Amino acid sequence: MGKKDKKKKKGKGVEKTQVKTEKKLITKMKKELKDLGEDDIESMIAQIEKEEQKLLQVTEIEVEPPSRRVNFSLVSHPDKDQLILYGGEYFNGQKTFVYNDLYFYNIPTNKWISVKASAGPPPRCSHQMVATSANKGQLWLFGGEFASPSQSQFYHYRDLWVYHLFSKQWEKITAPNAPSARSGHRMVLIKKQLFLFGGFHDNLRDCKYFNDLYSFDLETYKWKKIEPVGTPPAGRSACCMMPLPDGKILIYGGYSKDCVKKDIEKGHVYTDAFIVGPDKHDPTETKFKWQHVKLGNQHFPPRCGMSVTTTDNGLSAYCFGGVFDHEDDEGIYGNFFNDFLQLDLEKMAWRQIELRIKRDVNAKRRKNKDEELPPDETLEIMDVQEIADSVKSTTISDDGVFKVTVGPAVLNQSSTSDAIHAGTSKPFQPSHRSNCGLTVKHGILYLYGGTFEYSKRDVTYHDLYSIDLRKLDEWKVLIEDDASKVEWFGSDSESEEEDEEEESDSDSDMEDN
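Residues numbered from 1 in each chain as written. Predicted model: local features only at pLDDT ≥ 70, side-chain atom pairs only at ≥ 80, totals over all residues. Heavy atoms only, no water.

Trainee: Which residues make up the overall build of the chain, and what values go with them?
Mentor: Broken down by element type, the chain carries six helices and 31 strands. Within the chain, the proportion of its 513 residues that are buried is 49%. Of all intrachain contacts in the chain linking residues separated by at least 6 positions in sequence, the fraction that spans at least 24 positions is 60%. (Helix = DSSP H or I, 4+ residues; strand = E, 2+ residues; numbered from the N terminus. Buried < 20%, exposed > 50% of the residue type's maximum accessible area, 1.4 Å probe, protein only. Contact = heavy atoms within 4.5 Å.)

Following this line, the structure appears as structure tokens:
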């Protein structure tokens with residue numbers, strides 16, 4: 001009895017120490033927040049929700065395109081020729097801005113409509129949103145995170161919302177057994193069920209990555225945790241999650257961090273793939289099974305932040321861009337991509353898309369008339385070719401600490417116009433970026449925004465492009481973006497401590513979307 005009592009007392013002592021440590025941390029944080037002029041993050045969110053409740057009616061206003069942002073949601077309207085954009089974040093070097101605005105892009109008119117409805121979700125990024133035509137059209141939204149302006153505080157959500165497209169009203173859904181708070185997760189719609197996988201939760205003391213799988217029934221409004229047999233993927237965020245034509249789900253890639261030593265973490269980018277779905281040996285079709293699969297024709301470098309969307313018929317998925325962080329003795333640098341990939345969801349094989357090159361009519365006429373190019377035009381062609389050969393892999397910034405390179409590149413619009421005398425024009429492709437928005441409507445793929453890191457600067461876009469997936473001949477520029485006009489209030493000569501914080505932020509970007 002005496003020994004047991006001693007153990008109990010020892011246990012209570014440990015608990016008291018933990019409570020005291022927690023109180024000290026809270027007191028320290030409150031002091032730091034006071035110095036920053038910030039409330040605690042839960043108070044900030046509560047105040048925002050209070051303001052949302054004050055909206056008494058729906059307002060719809062034609063506006064300029066959405067501001068620069070990353071880690072937002074972009075989906076196609078289930079019934080109209082529209083795209084829908086929600087939330088996201090923007091960092092200008094000093095402050096972080098997190099949004100809860102809802103935009104509708106009218107495809108035929110190239111116009112943006114801002115819709116504000118009462119009692120909507122508080123601002124967030126790295127959430128997930130899907131659209132369905134059920135019940136006169138709905139948007140389903142889960143989770144995500146909110147960051148304070150100074151990025152000293154983070155809050156992860158575990159709430160589920162539905163926006164009714166017909167009545168233009170938000171509704172918060174309260175249902176038991178919901179997934180834990182998280183961001184960087186993925187969610188898809190199959191028939192009348194939402195399926196949610198993975199994500200991460202970071203409380204600034206430790207970071208946890210999830211590999212759990214949940215379903216939510218859109219008819220019964222019930223969550224269910226699915227525990228498939230077989231070996232599951234490792235916990236991860238920012239993976240590609242795609243519904244398959246047979247009702248199963250494909251998981252590809254993702255990102256996580258491991259603790260190597262105290263206060264030292266190492267990022268890991270995954271290139272593995274798994275299929276999960278009902279076990280064919282189960283007649284009730286209630287048991288699920290994980291299956292590790294290999295995707296064919298994979299000839300592209302590993303990356304995270306690669307955006308994905310599926311076609312209307314669900315037979316193909318299209319991916320764009322991404323980033324891979326390299327670490328060496330000089331520091332961490334990001335390798336960004338702008339390659340355009342297709343994944344055949346029936347054959348489970350990748351294909352790197354090469355756009356069809358259009359012949360120049362004027363050049364053909366010159367050839368038919370046996371005209372020779374003037375010496376200055378011949379020189380111009382050679383210069384363009386040299387440029388094209390030189391940009392296959394380029395270091396665009398190297399300050400000794402943070403180096404940025406870009407992957408295989410294509411000529412930009414100004415360069416392609418110079419190549420016209422060669423008889424062909426190099427197809428234009430959107431610039432290198434990660435975490436852009438991708439969606440497909442009526443066989444047209446749309447790409448919006450994303451982010452790119454140049455030296456110690458984050459370049460966040462708000463451009464919009466489209467490409468016809470039946471022709472694959474050219475990207476159309478719907479909204480141009482001049483990256484030179486991006487505001488940046490950060491310093492280009494940071495201290496070592498700030499460099500470490502930036503490396504941590506870079507990892508967070510890979511986790512999020």
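Trainee: Account for the sheet that holds strand β1 (residues 59-63), with residues named and values stated.
Mentor: The strands that make up a sheet are held in pairs by hydrogen bonds between backbone atoms, and each pair lies either parallel or antiparallel. Reading across the sheet, the five strands line up as β1-β5-β4-β3-β2 and stay open at both edges, with antiparallel pairing between neighbours. The open sheet is flanked by β1 and β2 (73-76), the only strands paired with a single partner. Pairwise comparison of adjacent strand axes, ignoring direction, gives a mean angle of 25 degrees for this sheet. (Pairing = 2+ DSSP bridges. Axes fitted to C-alpha atoms, helices over the stretch in contact; angles between N-to-C directions.)

Trainee: Tell me about unusual backbone geometry, and please be specific about residues and values.
Mentor: A positive phi angle, close to 65 degrees, is found at Lys136, a residue other than glycine. Of note in this structure, Asn177 is not a glycine but carries a positive phi near 65 degrees. Along the chain, Asn177 turns up in the loop between β11 (169-173) and β12 (186-190).

Trainee: Before we move on, could you go through the environment of Gly254 and cite the residues and values that matter?
Mentor: Structurally, the position occupied by Gly254 is in strand β19 (residues 249-261). Owing to a relative accessible area of 5%, Gly254 belongs among the buried residues under this scheme.

Trainee: Tell me about the nonpolar core, and please be specific about residues and values.
Mentor: Counting 18 residues, the largest nonpolar core has Met242, Leu250, Tyr252, Leu295, Leu343 and Trp350 as its most contacted members. Elements that contribute at least two residues to this core include exactly β18 (240-243), β19, β20 (264-278), β23 (316-328) and β24 (331-344). Filtering out sequence-adjacent residues up to four positions away, Leu295 remains in contact with Tyr252, Ala273, Leu343, Met348 and Trp350. (Core = buried A, V, L, I, M, F, W, Y, C linked by side-chain atoms within 4.5 Å.)

Trainee: Got a sec to walk through the sheet that holds β11? Specific residues and values, please.
Mentor: With antiparallel pairing, the four strands of this open sheet are ordered in space as β6-β7-β10-β11. In the strand order of this sheet, the two ends are held by β6 (128-132) and β11, each with one partner. Direction aside, the axes of adjacent strands within the sheet are offset by 20 degrees on average. Relative to strand β7 (residues 138-142), β6 runs antiparallel, the two sharing five bridges. Opposite Gln128, over in β7, you have Phe142 as the bridge partner.

Trainee: I'd like a rundown of the environment of Ala273, residues and numbers included.
Mentor: Along the polypeptide, Ala273 turns up in strand β20. Relative accessible area serves as the criterion here: at 2%, Ala273 is assigned to the buried category. Along the chain, Ala273 and Tyr252 lie 21 residues apart, while their C-alpha atoms are 4.4 Å from each other. Ignoring any residue separated from it by four or fewer positions in sequence, one finds Ala273 in contact with Leu250, Ile251, Tyr252, Gln291, His292, Val293 and Leu295.

Trainee: If you had to explain the pairing of strand β13 (residues 193-197) to someone new, which residues and values would you point to?
Mentor: Counting buried residues in β13 gives four out of five residues, a clear majority hidden from the surface. When β12 meets β13, the two strands line up antiparallel, connected through five bridges. Each residue of the ladder has a partner; that of Arg186, found in β13, is Phe197. The hairpin turn running from β12 into β13, its antiparallel successor, is two residues long, and Lys191 in that turn takes a positive phi close to 55 degrees. Pairing analysis gives five bridges linking β13 to strand β16 (residues 213-217), with the strands arranged antiparallel. By the bridge assignment for β16, Gln193 is matched with Asp217.

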